[in-house]
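# Descriptive structure summary
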Amino acid sequence: DLDANPLTKDDSSLETIVRKFQDTSLKRHKFWETQPVGQFKDVDDTSVPEGPIEPPAPLSEVKKEPYNLPSPYEWTTCEMDSEETCTEVYNLLKNNYVEDDESMFRFNYSKEFLRWALHPPGYYKSWHIGVRAKASKKLVAFITGVPARIRVRDVVVRMAEINFLCVHKKLRSKRLAPVMIKEVTRRVHLENIWQAAYTAGVVLPTPITTCQYWHRSLNPKKLIDVGFSRLGARMTMSRTVKLYKLPDSPATPGFRKMELRDVPAVTRLLRDYLSQFVVAPDFDENDVEHWLLPHENVVDSYLVESPKTHEITDFCSFYTLPSSILGNQTYSTLKAAYSYYNVSSKTPLLQLMNDALIVAKQKDFDVFNALDVMQNECFLKELKFGPGDGQLHYYLYNYRTRHALKPSELGLVLL
Ligand code: MYA
C-alpha cells in the first residue's frame with residue numbers, strides 16, 4: 001500500500017517516506033488531472049503567478065442540479081442537529097473512516113465533536129452531504145465543507161474546509177469519491193466561494209506542504225500493549241513508564257482554563273501570533289469562541305494570566321479524537337489529544353506545552369499528538385515526542401502557491 005495515512009503510529013523510517021512520496025507522485029490521477037489544483041508537471045514552473053488558478057464564474061453558470069450518482073444511490077443533506085442523522089454519520093465514520101496502514105486503529109470522532117466541527121459561525125447545512133442507498137435508505141457515503149477565511153501571505157481568501165470524505169468499505173474503488181467532490185464543489189460555488197483547503201494522508205496533486213505527526217506517550221504501557229508503540233531497545237517497561245512520567249499539575253503560575261471572558265484577549269494574542277505564517281486562518285472573536293472555547297470531550301484550551309498584571313500572555317489548546325483499537329482483547333479505544341493552536345509570548349513554548357501534556361495526562365489521555373507545523377519543532381524532541389509512521393499532506397483547491405511551504409510556515413490545523 002503506497003498511501004500513507006494521517007492516523008499514524010510510532011516509528012518511521014525516512015526511506016519509506018521518501019519512496020512512498022516518489023512512487024505516488026508518478027501515478028496518473030484521472031480525476032485530479034481535470035481539477036484546478038497545482039499539477040505535478042508544473043511544480044518547478046515559477047512563472048505561473050501565485051493566486052487563483054481559475055477566475056470565479058458568474059453564479060448563473062453554476063450548475064443548478066446535483067451531479068448524477070449511480071442509480072441505486074441518492075443525495076441527502078445531513079441535518080447534524082438531528083440525533084438520528086448524527087448517529088448515522090457517526091456510525092458510518094466509526095466503521096469506515098481513516099485507518100492506519102496496518103488497520104490497527106480507526107478514527108472514532110464523537111457525535112459531539114462532529115456537531116462542533118460542522119457548525120462553526122456561518123456554516124451551510126447544504127455542505128453536509130450524504131449518499132444513501134435508495135432501497136434501504138442506509139447512509140453509505142459522506143463529505144462536508146465548512147466556511148473559513150484563510151490568509152495566504154497578505155491575501156485573506158474565503159474558503160471551504162473540506163473534511164470527513166468517506167465511502168463505505170463495500171463501495172470503494174467505484175469512482176464515487178470524484179462525484180462527491182464535484183458535488184461539494186458545486187454547493188460551495190453556489191455560495192460564491194471558489195477556493196478550498198483540505199488535508200489527506202494520500203499524495204494527490206499537489207501538496208502545499210507535507211507534515212509529520214509526532215506522538216508523546218502519556219500511558220506508555222497501554223500504547224505498547226495495543227501495538228501503538230514498541231518498547232525501545234534496551235528498555236524495560238518500568239524504565240519506559242518512568243521516562244514518560246509527568247508532574248501531577250502544571251508548573252506555570254497563572255496557568256488556567258480559558259473562559260468566555262477571555263475571548264477578546266485570546267483573539268488578539270492568536271491573530272498576532274498567526275500573522276507570521278504564510279498560510280493561516282483569519283480568526284475573529286466569533287471564530288475563537290467557537291473553535292477555542294473549551295467544550296467538554298471536544299476541545300480543551302488553557303492560557304497563562306500574569307498573576308501581577310492579569311494580562312493574558314500565552315495560550316495552548318488540543319482537541320479530543322479517540323481511535324478504535326481493532327481486534328484487541330483488553331482495550332477498545334485509544335484516547336488521543338491533538339495539539340491545536342498554541343501561542344507563547346512570555347512563557348517559553350516548551351514549558352507551555354509541558355503543562356499541556358500534564359493536563360492531558362490528568363484528563364486520562366493515552367497519547368498527545370502534534371504535527372510539525374508552526375513552531376512545534378522547538379518542543380517535539382525535547383518533550384519526548386517520537387515521529388509517527390505517516391504524513392499529512394495539506395492542499396488548496398483553485399489556489400496556487402509559488403513554492404511548497406515548510407511545515408513551520410504553515411499556521412493551519414484542520415480537524
Ligand atoms: S481526507 C480523509 C479521506 N477519507 C478516508 O481516508 C476514509 C477511508 N477511505 C475512504 O472512505 C475512501 O477510500 C475515499 C476514496 C472516500 C477516501 N482526498 O471513489 P474512488 C481520489 C481526495 O474510486 P475510493 C478528507 O476527508 C483518488 O486519488 N481525493 O476511491 C479530505 C482517485 O482520483 P484520481 C481522494 O477509495 C477530502 C479517486 O479519488 C482521496 O472508493 C478532500 C478514486 O475515487 C482523498 N482522501 O474513495 C477532498 N482518496 O484517479 C477534496 C482518494 O484522480 C476536496 N481520492 O487519483 C477538494 C475541494 C472541494 C471543494 C472546492 C470548493 C471550491
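Attention in this report is confined to the structure presented alongside it. Note that this is a predicted model, so its numbers are computed, not measured.

The 3 strands lie next to each other as 2-12-13, forming an open sheet whose pairing is antiparallel. Lying at the two open borders of the sheet, with one neighbouring strand each, are strand 2 (105-107) and strand 13 (333-334). Sheet topology note: the strand 2/strand 12 (residues 323-325) ladder contains 3 bridges and is antiparallel. Looking at strand 12, one finds that Phe105 is bridged to Ile325.

With that settled, the discussion passes to helix 2 (residues 83-96). Taking 1.5 Å per residue, 14 residues should reach 20 Å; helix 2 reaches 20 Å between its end C-alpha atoms and fits that length. Among all positions in helix 2, only Thr85, Cys86, Val89, Tyr90, Leu92, Leu93 and Asn96 are buried. The buried side chains of helix 2 occupy one side of the element, clustering within an arc of 165 degrees when seen end-on. Looking at the packing, one finds that the buried side of helix 2 touches strand 2, helix 3 (111-118), strand 4 (139-152) and strand 5 (155-167).

Take the pattern of salt bridges next. One pass over the full model with this rule turns up 24 salt bridges. Lys125 is the salt-bridge partner of Glu79, the closest N and O atoms lying 3.3 Å from each other. Taken together, the residues span a long stretch of sequence, with Glu79 in the loop between strand 1 (73-77) and helix 2 and Lys125 in the loop between helix 3 and strand 3 (128-133) at a distance of 46 residues. Ionic pairing is found between Arg106 and Glu99, a salt bridge with its closest N-O pair at 2.8 Å. Connected through shared salt-bridge partners, Arg149, Arg271, Asp282, Asp284 and Asp287 make up one network.

Analysis parameters
- Residues numbered from 1 in each chain as written.
- Predicted model: local features only at pLDDT ≥ 70, side-chain atom pairs only at ≥ 80, totals over all residues.
- Heavy atoms only, no water.
- Pairing = 2+ DSSP bridges.
- Helix = DSSP H or I, 4+ residues; strand = E, 2+ residues; numbered from the N terminus.
- Expected span 1.5 Å × (residues − 1).
- Buried < 20%, exposed > 50% of the residue type's maximum accessible area, 1.4 Å probe, protein only.
- Arc of directions from axis to C-beta.
- Contact = heavy atoms within 4.5 Å.
- Salt bridge = Lys/Arg side-chain N within 4 Å of Asp/Glu carboxyl O.

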